[in-house]
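# Fold and geometry: a report
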Amino acid sequence: MEIKDAYVIKNFMPYGYPHVVRSDLMSPDPGLSTWNWGALPSADGRGSGLVSVNWYALPQEHQTFWNPIIHTAEKEIRNHINDETVRVVQARAVGMTAGMYGGKHVDEMSTLPCWIVLYYPQTLRDIDGGRTMVYDQQGNVLLNQTPEENTCIIFKGDLVHEITPLTPHFYNQLRISINLKLSVNDEKEIRPDGREYD
C-alpha cells in the first residue's frame, strides 16, 4: 500500500460533530470562553518558519469534542502507515479572521516521524481566502484546500505549509481549525492543556 505524504478526507467525523465543535468553541457564556490571543509556537521548539499570532484554544474539560477526534485521527494514521504506536501528542484549536494568515512553516524538523491533522468544522468560500497550502520537498503544491465542513487534511509533519490571507469578505467571522500533531514511537503524552510533555 502506498503511503501518501498528504491527503484529504471528507465526512471525517459523524453527522452533527461540526456543530458540536462550533458550539463548544463559540459559546456566548463568558465562563466557557476558551480563546486566547498570541503566538503559539511548537511546544518543543522543533518547528520552523514564522510564528503566527492568532486566536487559539487548548482542550478544556467541558468540551466534549476533543476525545472523539483524537481517537479518530489516531486510528486513521495508524491504518495509513500500518503502525500501532501512533498517538496524538499535541491538540489545539486555531481561530483566524479577516486579514490574518499563517506564513510558510514546518511543524516538525526532527527525525521523529510525525503527522499533522487539520480538521475544519465550517465551510469557507473561495473569496474568503484562508486556504491551506501544503508543499512537497521541492516546493510543488501537494494540497490546496479551502476549508470545508467536516473535512480534514492529513500530511507529514516535515512538509512546508501555510494558510493564505483571509479576505475582507470574511469580516466578523472566525476561521476555525482543529490542529492535531501525531507522533510515531514517541514516549510523550498529551497534557490536558494540549501541549506536549517534555
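Coordinates for the structure precede this section.
The paragraphs below set out a description of the structure included in this document. (Residues numbered from 1 in each chain as written. Predicted model: local features only at pLDDT ≥ 70, side-chain atom pairs only at ≥ 80, totals over all residues. Heavy atoms only, no water.)

### Structural notes on the overall build of the chain
Scanning the chain from N- to C-terminus turns up two helices and twelve strands. Each helix and strand of the chain, ordered N terminal to C terminal, gives the series β-α-β-β-β-α-β-β-β-β-β-β-β-β. Put simply, 81% of the contacts in the chain that link residues at least 6 apart link residues at least 24 apart. Approximately 9,900 Å² of the chain is accessible, and the part contributed by carbon and sulfur atoms is 51%. (Helix = DSSP H or I, 4+ residues; strand = E, 2+ residues; numbered from the N terminus. Contact = heavy atoms within 4.5 Å. Areas by Shrake-Rupley, 256 points an atom, 1.4 Å probe, with all protein chains shown as cover.)

### So, the packing of aromatic side chains
With the rule as written, the count across this model stands at four aromatic pairs. Arranged with centres 6.4 Å apart and planes meeting at 45 degrees, the rings of Phe12 and Tyr119 form a pair that is tilted. On the criterion of sequence distance, the pair formed by Phe12 in the loop between strand 1 (6–9) and helix 1 (17–25) and Tyr119 in strand 7 (residues 114–120) is long-range, its members being 107 residues apart. On the basis of relative accessible area, Tyr119 is assigned to the buried category, the value being 0%. (Phe/Tyr/Trp six-rings, centres within 6.5 Å; stacked < 30°, edge-to-face > 60°. Buried < 20%, exposed > 50% of the residue type's maximum accessible area, 1.4 Å probe, protein only.)

### Notes on the pairing of strand 6 (residues 102–106)
Burial within strand 6 is extensive, with four of its five residues counted as buried. In terms of strand pairing, strand 6 meets strand 11 (residues 161–163) through two bridges, oriented antiparallel. Bridging across to strand 11, Gly102 finds its partner in Ile163. (Pairing = 2+ DSSP bridges.)

### Focus on the side chain of Asp128
Position of Asp128 relative to the elements: it lies in the loop between strand 7 and strand 8 (132–135). Within the structure, the side chain of Asp128 is placed 2.8 Å from the backbone nitrogen of Arg125, a separation counted as a polar contact. Filtering out sequence-adjacent residues up to four positions away, Asp128 remains in contact with Pro165, Leu166, Thr167, His169 and Phe170. (Polar contact = N/O pair within 3.5 Å; in protein donor to acceptor, adjacent residues only side chain to side chain.)

### Observations regarding helix 2 (residues 66–81)
Spacing of three or four residues puts side chains on the same side of an α-helix, whose turn is 3.6 residues. Across its 16 residues, helix 2 extends 23 Å between first and last C-alpha, which sits within 8% of the 22 Å expected from 1.5 Å per residue. Residues Trp66, Ile69, Ile70, Ala73, Glu74, Ile77, His80 and Ile81 constitute the buried set of helix 2. Buried positions in helix 2, seen along its axis, are confined to an arc of 135 degrees and lie on one side of it. Summarising the geometry of helix 2, the exposed residues directed more than 90 degrees from the buried face are Asn67 and His71. Following helix 2 by one or two positions, Asn82 adopts a phi angle in the positive range, close to 55 degrees. (Expected span 1.5 Å × (residues − 1). Arc of directions from axis to C-beta.)

### As for the pattern of salt bridges
Applying the stated rule across the entire model yields five salt bridges. In this structure, Lys10 engages Glu148 in a salt bridge whose closest nitrogen and oxygen atoms are separated by 3.6 Å. With a gap of 138 residues between them, Lys10 in the loop between strand 1 and helix 1 and Glu148 in the loop between strand 9 (141–145) and strand 10 (151–156) connect regions that are remote in the sequence. Its relative accessible area of 51% is what places Lys10 among the exposed residues. Glu149 serves as the salt-bridge partner of Arg22, at 3.0 Å between the closest nitrogen and oxygen. With Arg22 in helix 1 and Glu149 in the loop between strand 9 and strand 10, the pair connects residues that are 127 residues apart, well separated along the chain. Judged by its relative accessible area of 27%, Arg22 falls in the partly exposed class. (Salt bridge = Lys/Arg side-chain N within 4 Å of Asp/Glu carboxyl O.)

### Some thoughts on helix 1
Those residues of helix 1 not exposed but buried are Tyr17, Pro18, Val21, Asp24 and Leu25. Projection of helix 1 onto a plane perpendicular to its axis shows the buried side chains occupying an angular sector of 135 degrees, all on one side.

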